Amino acid sequence: MFDSLFLLVICFLIVSYGCTTLGVGKLASIDGSTYVSHSNDGDEYDNGSLKSSTDPRLVRVPARDHQPGSKRPIYWAKESYKRYVGYDREVEAYYPEKGDNISQPIGYIPEVGHTYSYFEETYGVLNEHGLMIGESTCSARYGTLAKDHGGVALMSIDTLSQIAMERCKTARDAINLMGSLSEQYGFYGPGSAEGSGESLFVGDPNEVYVFHILSDPNGTSSIWAAQRIHHFAVVATMYVIRNIYF
């Protein structure tokens, strides 16, 4: 059954131009493992010509210690190559080359004393504690723009996933952190043809959740929800949580 299911998914991805994510809970895998996957399909076309391409580089961000009172810079989520240029991530692939402009923060939040090591591409992927994330953009009723780019919101799904990787060990903690940060500092989506909302599968070795988020009507906060996945779920650029039991 799983072989047939994954074959169908692979066939779908060949003709898809939007990100597709899969989440597998402990009750659906043979050995009780959890899984999260993500096809990062972010190219933008205009009349058949490629305008921009999502930055596909996979890099490792090191664990770091921070001085009391430090601030974490927040950058505009450009997503296209090069998604970030600078030194403060301590990733050699991000160091500037001749002709590069250094990325400038659009804001800051309080830093924590220690941040974990993790892998990232456009989004945070997997950290040293087994926290894992996959992303799919979704259509949304509300949308806004980033601070210094026409709006006041500070948090994108890229930034939220990175901060979760830096600070969290479990999926549940990551969801609560991303939700609270987006409420406090505002959430903005990519504003692509798919829409301005976002969805993540957020997993750890014990649990997998689907997390949905969009801007609030005023563009200063967020609306979000999450649901635990015990078996198997797919998000293909469309929200899948339909009922919320408060």
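Just above, that's the structure.
Residues numbered from 1 in each chain as written. Predicted model: local features only at pLDDT ≥ 70, side-chain atom pairs only at ≥ 80, totals over all residues. Heavy atoms only, no water.

**Q** Please explain the pattern of salt bridges as it appears in this structure.
**A** Oppositely charged side chains may form a pair once their charged atoms are brought near each other. Per the counting criterion, the structure on display carries nine salt bridges. Taking the shortest distance from any N to any O, the salt bridge between Lys-82 and Glu-97 comes out at 3.0 Å. Here the residue Lys-82 occupies a position in the loop between strand S7 (71-75) and strand S8 (105-110), and Glu-97 occupies one in the loop between S7 and S8, the gap between them amounting to 15 residues. For Arg-89, the salt bridge is made with Glu-120, and the minimal N-O distance between the two is 2.8 Å. (Salt bridge = Lys/Arg side-chain N within 4 Å of Asp/Glu carboxyl O. Helix = DSSP H or I, 4+ residues; strand = E, 2+ residues; numbered from the N terminus.)

**Q** I tried to follow the sheet that holds strand S16 (residues 232-235) on my own but got confused; where do I start?
**A** Each strand in a sheet pairs with its neighbour through backbone hydrogen bonds, running either in the same direction (parallel) or in the opposite one (antiparallel). With antiparallel pairing, the three strands of this open sheet are ordered in space as S2-S1-S16. At either margin of the open sheet sits one strand with a lone partner, and together these are strand S2 (35-39) and S16. Direction aside, the axes of adjacent strands within the sheet are offset by 10 degrees on average. Where strand S1 (residues 20-24) meets S2, five bridges bridge the pair, whose relative direction is antiparallel. Pairing of Leu-22 across the sheet is with Ser-37, part of S2. (Pairing = 2+ DSSP bridges. Axes fitted to C-alpha atoms, helices over the stretch in contact; angles between N-to-C directions.)

**Q** It is not clear to me how the packing of helix H2 (residues 157-167) against helix H3 (residues 171-185) should be interpreted in this structure. Could you clarify?
**A** Two quantities define a packed helix pair, namely the angle between the axes and the distance from one axis to the other. The contact between H2 and H3 brings their axes to 9 Å, and the two run at 135 degrees. One finds that H2 runs oblique with respect to H3. The interaxial crossing formed by H2 with H3 has right-handed handedness. Residue-level inspection shows Leu-160, Ser-161, Ile-163, Ala-164 and Arg-167 of H2 in contact with H3, the latter providing Ala-174, Leu-177, Met-178, Leu-181 and Ser-182. In terms of residue class, the contact of H2 with H3 is built from seven nonpolar, two polar and one charged. (Parallel < 35°, antiparallel > 145°, perpendicular 65-115°, else oblique. Left-handed = near helix turned anticlockwise from the far one by under 90°. Contact = heavy atoms within 4.5 Å. Nonpolar A, V, L, I, M, F, W, Y, C, P; charged D, E, K, R; others polar.)

**Q** What is the right way to read the environment of Ile-109 from this model?
**A** As for its position among the elements, Ile-109 is in strand S8. For Ile-109, a relative accessible area of 1% puts it in the buried group. Ile-109 has contacts with Lys-71, Arg-72, Ile-74, Leu-154, Met-155, Ile-163, Arg-167, Leu-181 and Tyr-185, leaving out every residue within four places of it along the chain. (Buried < 20%, exposed > 50% of the residue type's maximum accessible area, 1.4 Å probe, protein only.)

**Q** Even after reading the chapter, I still don't get the nonpolar core, so can you show me in this structure?
**A** Nonpolar side chains tend to gather and get buried jointly when the protein is soluble and globular. Of all hydrophobic cores here, the largest spans 38 residues; its most connected members are Ile-109, Met-155, Leu-181, Val-202 and Phe-211. Sort the elements by how many residues they give to this core and H3 lands first, with seven residues. Setting aside residues no more than four positions away along its own chain, Met-155 makes contact with Ile-74, Ile-109, Leu-160, Ile-163, Leu-181, Ser-182, Tyr-185, Gly-186, Phe-187 and Tyr-188. Grouped together as the second largest cluster of nonpolar side chains are ten residues, Val-208, Val-210, Tyr-239 and Ile-241 included. (Core = buried A, V, L, I, M, F, W, Y, C linked by side-chain atoms within 4.5 Å.)

Geometric descriptors of this kind do not, in isolation, establish any biological role.
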